[in-house]
Amino acid sequence: MVCRLLLLSILLINYSLAFSQSFFARGSEIADFKEVGHYDTFSVVVNNLPKKIDTSFGLSRICINAVHKRVSDLKIQLLSPDGNSIWLTNRNGADSGRDLQGTCFRSNGFNGYIHQANAPFEGEFIPDGRMEFINNGQNPNGKWSLLVQDLKAEVTGKLYDFSLEFSSQPMPGLVSGPCSFENPGPCICTSTDSILQPDLAIIPVFTDQQIKEYEWNDPNYPGQLRFAATIGNLGEGPFEIEGDGKWHCGGELVSDGKTKCPDGSYPRQNLIQKLYRKSVNTLVPTERVAGTNYFDTKPGHEHYHVDDWVEFILLDFKKSISYSIKKRREVARSRKVSYCLFDSGICSNRDSICLMNGIVMGEKNLTNYGLGNYASCKEKNQGISVGGYDTYGMMYEGQFIQLPKRLKTGYYLLLIQIDPQNKYVDINRSNNLYIKKIFLSKQNKS
């Protein structure tokens, strides 16, 4: 009898490890952009699965078949039954790539990150979002939706179908550190005041791989220098902000953040930056007044953005003998650009994404790796985990410098600066500035 029970247990374990199930849904035409935020929603009902998905069993792969002549128009998200969502691809494919044919997303996609690949996208890729934000302990049974948003007019496409696959070990190779808010004992603090401070840094590879100058007569981006920017947190503590819940139009208090002010702008709320102090085996939050945020209505966003988060500057290379303000010649400057702050990815020593000064940053050399959990651009709470990064690709709104008329051909310096007004605590500001020498070859006509 004991042998039979043991054999039955082994069979059940092996069945669980081998178990996988797929769910399939058909699509239809993708509506072209019409100046307002619009989602085409394609849904599938998942049933008869275990009532919990996590690192042991969960969503392992999402596959899409779609045609679109300019796939960088598309933002595609997956929405789970508990209301959480992740980005699969957000305006990737540069300015002329096409199609998602047999395109699958999984945490260890063989072809690497979708944002580093060239369209047409074929095969398996690592998505723009983190799969662990979906495999979060929720009940997977219920409606799952693919949200497809076209963000640029004049090119149309079609989603033929999509599928979801659930299996054991859904996120192979996923690494989490021993330190967490649920288990703060292993967290380490090296500062004398015991504060786990964040360290914001520009991750160079994203900008290096996504930068392009457009001619003065380009029909879509006339006279623009466009580029990506990715901000990581390489510190010992999370970068976390929290709204105070009081919305203002100038000096007037209003009821919420989505009702327009008399001047047509949206209200602001003050932000509190939360820092965490290690005290024995607990993490005690401390707060300080920081910047502001607001509701951003631009298509592709429709969420809350932190004001004045980054600034882009172009310098004359020959006439800028140093990077100090007094000794440089500015050619052009962007307005201060707002971002929403969340983890679109996380650094890993298994790849070279977070290569900083010749050192790959990741789980092996980042103290308190993974501390934090910031999955979306919420009104109340946003942030970047330890080791996490937040990416804005070159095709996003605001990711450009407008080049001046009659710009001379030659070398220039592109500067990207995080938190240009120094509103937030950041233990090391030396890596807040990205500097790249670039050659601009096309003169803009008057």
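For the structure itself, consult the block above.
Keep in mind that this is a model prediction, so the values were computed, not measured.

**Q** Break down the overall build of the protein chain for me, citing the residues and quoting the values.
**A** The helix and strand inventory of the protein chain stands at two helices and 30 strands. Here the C-alpha atoms of the protein chain give a radius of gyration of 23 Å, agreeing with the 22 Å that 2.2 N^0.38 yields for 446 residues. In terms of overall dimensions, the protein chain has a C-alpha envelope of 85 × 55 × 50 Å along the principal axes. Looking at the protein chain as a whole, 52% of its 446 residues are labelled buried. Residue pairs in contact within the protein chain that sit at least 24 positions apart in sequence constitute 73% of those at least 6 positions apart. Working note: accessible area of the protein chain is about 20,500 Å², and carbon and sulfur atoms make up 51% of it.

**Q** If you had to explain the state of the cysteines to someone new, which residues and values would you point to?
**A** Working definition: the covalent bond between the sulfur atoms of two cysteines is a disulfide. Scanning the entire structure with this criterion turns up five disulfides. The residue that forms a disulfide with Cys63 is Cys104, at a sulfur-sulfur distance of 2.0 Å. Around the S-S axis, the bridge from Cys63 to Cys104 shows a dihedral of about 105° and counts as right-handed. Pair noted here: Cys63 is in strand β4 (residues 57-68) and Cys104 is in strand β7 (residues 100-105), with a separation of 41 residues, a long-range link. Side by side, Cys63 and Cys104 carry an identical accessibility label, which is buried. Between the sulfur atoms of Cys340 and its disulfide partner Cys377 the distance amounts to 2.1 Å.

**Q** Report on the sheet that holds strand β3 (residues 40-46), specifying residues and quantitative values.
**A** The pairing of strands in a sheet comes from backbone hydrogen bonds and takes either a parallel or an antiparallel form. A sheet is described by the order of its strands in space; here four strands give the open sequence β3-β9-β5-β6, paired in antiparallel fashion. The sheet terminates laterally at β3 and β6 (85-90), the two strands that pair on one side only. Taking each pair of neighbouring strands and ignoring which way they run, the sheet shows an average axis angle of 20°. Relative to strand β9 (residues 142-150), β3 is paired through seven bridges, and the arrangement is antiparallel. Paired with Asp40 across the bridge in β9 is Val148.

**Q** Explain the packing of aromatic side chains to me, and be specific about the residues and the numbers.
**A** This structure, assessed with the given rule, holds 19 aromatic pairs. A centroid spacing of 4.9 Å and a plane angle of 55° characterise the contact between Phe181 and Tyr276, whose relative ring orientation is tilted. Remark: Tyr276 occurs in strand β18 (residues 268-279) and Phe181 occurs in the loop between β10 (157-168) and β11 (195-196); sequence separation between them is 95 residues. Phe181 gets classed as partly exposed once you look at its relative accessible area, which sits at 33%. Grouping aromatic residues by their ring pairs yields a cluster made of Trp87, Tyr339, Phe342, Tyr392 and Tyr396. Sitting above the plane of the Tyr294 ring, Arg268 keeps its charged end 4.1 Å from the centroid.

**Q** Can you break down the nonpolar core residue by residue, with the values?
**A** Within the largest apolar cluster, 38 residues are counted, with the highest numbers of intra-cluster contacts made by Ile64, Trp144, Leu146, Leu164 and Phe166. Element by element, the count of residues in this core is highest for β4, at five residues. In this view, Leu164 contacts Gln21, Ser22, Phe23, Val44, Val46, Leu59, Arg61, Ile62, Leu78 and Trp144; residues no more than four positions away in its chain are not counted. Residues Ala229, Ile241, Cys340 and Tyr434 belong to the second largest nonpolar core, which totals 37 residues.

Rules of the game
- Residues numbered from 1 in each chain as written.
- Predicted model: local features only at pLDDT ≥ 70, side-chain atom pairs only at ≥ 80, totals over all residues.
- Heavy atoms only, no water.
- Helix = DSSP H or I, 4+ residues; strand = E, 2+ residues; numbered from the N terminus.
- Rg over C-alpha atoms; globule rule 2.2 N^0.38 Å.
- Buried < 20%, exposed > 50% of the residue type's maximum accessible area, 1.4 Å probe, protein only.
- Contact = heavy atoms within 4.5 Å.
- Areas by Shrake-Rupley, 256 points an atom, 1.4 Å probe, with all protein chains shown as cover.
- Disulfide = S-S within 2.5 Å.
- Pairing = 2+ DSSP bridges.
- Axes fitted to C-alpha atoms, helices over the stretch in contact; angles between N-to-C directions.
- Phe/Tyr/Trp six-rings, centres within 6.5 Å; stacked < 30°, edge-to-face > 60°.
- Lys NZ or Arg CZ within 6 Å of the ring centre and 35° of its normal.
- Core = buried A, V, L, I, M, F, W, Y, C linked by side-chain atoms within 4.5 Å.

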